[in-house]
Amino acid sequence: VDRPSSRSIAARLGMAKAGEAAKARTERKANIKQKKKFSNKNSIGKTRRNVGSEARYVTRTGAVKKLQVTLKDFRRLCILKGIYPREPRKKFKGGNTTYYFAKDIAFLAHEPLLEKFREQKAFLKKIRRAVGRYEKKEAKRLDARRPVYKLDHLIRERFPTFVDALRELDDAL
């Protein structure tokens, strides 16, 4: 039986020659390289670094988002820790914005009081749920064991010695 060669079958089916397929592949790769968004693999996750005032200061809303607390809790925490808003030389988000030192906010992020505020918030949700379901006994029981946070570590931070505490006392009077 006379069999046609494999080359003649490929030619009949309309397949391109091996050299042409390789050229087409290299063209496709070249097109993909042109479409790349990043110049190298190291730049994929990188964002633009903040410089100057933008790096040293954080807006109040940015700080609240970073700490994941409500504005009320943020203000309470700032008062307890003695952190005040600052005035940067160059206001990068506008003149009517409150700015804090980025280092102060990073310092607040590791504060144990932050965890206590979150516990208290979760506890209040449980009490509210019990009251909403008209479970008075459950609500009273929960309210009796409400979490309490202590501020003794803050006082030790602010006044390391008794003499420091007395010095501050005469200012209050």
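Structure: see above.
Numbers given to residues run from 1 along each chain, matching the order in which its sequence is written. Residues qualify for local features only when their pLDDT is at least 70, as the model is predicted, and side-chain atom pairs are given and counted only at 80 or more; totals for whole chains, interfaces and linings, by contrast, use all residues. By convention in this description, side-chain values take in all heavy atoms of the structure and omit both hydrogens and water.

Colleague: Looking at this structure, how should I read the pattern of salt bridges?
Modeller: Pairs can form between side chains of opposite charge once their charged atoms are near each other. Between Lys or Arg on one side and Asp or Glu on the other, a salt bridge is scored when a side-chain nitrogen of the former is within 4 Å of a carboxyl oxygen of the latter. Evaluated as defined, the whole model comprises nine salt bridges. For K81, the salt bridge is made with E157, and the minimal N-O distance between the two is 2.7 Å. Of this pair, K81 sits in helix α5 (residues 71-81) while E157 sits in helix α9 (residues 152-158); the two residues are 76 residues apart in sequence, bridging distant segments of the chain. We classify E157 as partly exposed; its relative accessible area is 45%. Put simply, DSSP H or I for four residues or longer makes a helix, DSSP E for two residues or longer makes a strand, and each gets a number counted from the N terminus. Partly exposed residues are those whose accessible area sits between 20% and 50% of the maximum for their type, while under 20% is buried and over 50% is exposed, using a 1.4 Å probe and protein chains only.

Colleague: Help me out: how do you make sense of the nonpolar core in this one?
Modeller: Within soluble globular proteins, side chains that are nonpolar tend to cluster in buried spots. We call a set of buried Ala, Val, Leu, Ile, Met, Phe, Trp, Tyr and Cys residues a nonpolar core when their side-chain atoms join them within 4.5 Å. In this structure, L67, F74, L77, C78, Y100, I105 and L108 are the most contacted members of the largest nonpolar core, which totals 15 residues. Elements represented by at least two residues in this core include exactly α4 (60-67), α5, α6 (102-109) and α7 (112-132). Membership of the second largest hydrophobic core comes to five residues, among which are F123, I127, A130 and A139.

Colleague: In this structure, what is going on with the packing of α7 against helix α8 (residues 136-144)? I would like to understand it.
Modeller: A pair of packed helices is captured by two measures, namely the crossing angle of their axes and the spacing between those axes. Interaxial distance between α7 and α8 falls to 8 Å at its minimum, and their mutual angle equals 160 degrees. For the element pair α7 / α8, the angle class is roughly antiparallel. Two packed elements cross with a definite hand, and for α7 against α8 that hand is left-handed. Judged by residue contacts, F123, K126, I127, A130 and V131 of α7 engage E138, A139, L142 and D143 from α8. Every axis corresponds to a line fitted to the C-alpha atoms, with the helix fit spanning only the stretch in contact, and the corresponding angles, defined between N-to-C directions, vary from 0 to 180 degrees. Working rule for angles: under 35 degrees goes down as roughly parallel, over 145 as roughly antiparallel, 65 to 115 as roughly perpendicular, anything else as oblique. It is the rotation of the near helix from the far one that decides the hand of a crossing: anticlockwise by less than a right angle makes it left-handed, clockwise makes it right-handed. We call two residues in contact when some of their heavy atoms are within 4.5 Å.

Colleague: Which parts of the structure should I look at to understand α6?
Modeller: Note that an α-helix has 3.6 residues per turn; residues three or four places apart therefore point the same way. Residues of α6 that are buried: D104, I105 and L108. The buried side chains of α6 occupy one side of the element, clustering within an arc of 95 degrees when seen end-on. At its buried positions, α6 is contacted by α4, α5, β2 (99-101) and α7. Working note: the arc is built from the helix axis to C-beta atom directions.

Colleague: Could you clarify how one ought to interpret the side chain of T59 in this entry?
Modeller: Tracing the backbone through its elements, the reader meets T59 in strand β1 (residues 57-59). For T59, a relative accessible area of 10% translates into the label buried. With residues up to four places along the chain from it excluded, the contact list for T59 reads K93, T97, T98 and Y99.

Colleague: Would you take a moment to explain the packing of α4 against α6 for this structure?
Modeller: Look at α4 against α6: their axes get within 10 Å of each other, and the N-to-C directions meet at 25 degrees. Viewed along their axes, α4 and α6 adopt a mutual orientation that is roughly parallel. At the point where α4 passes α6, the crossing takes the right-handed sense. Taking contact as the criterion, the partners of A63, K66 and L67 in α4 are, on α6, I105, L108 and A109. In terms of residue class, the contact of α4 with α6 is made up of five nonpolar, no polar and one charged. Under this grouping Gly is polar, as are all residues other than the nonpolar Ala, Val, Leu, Ile, Met, Phe, Trp, Tyr, Cys and Pro and the charged Asp, Glu, Lys and Arg.

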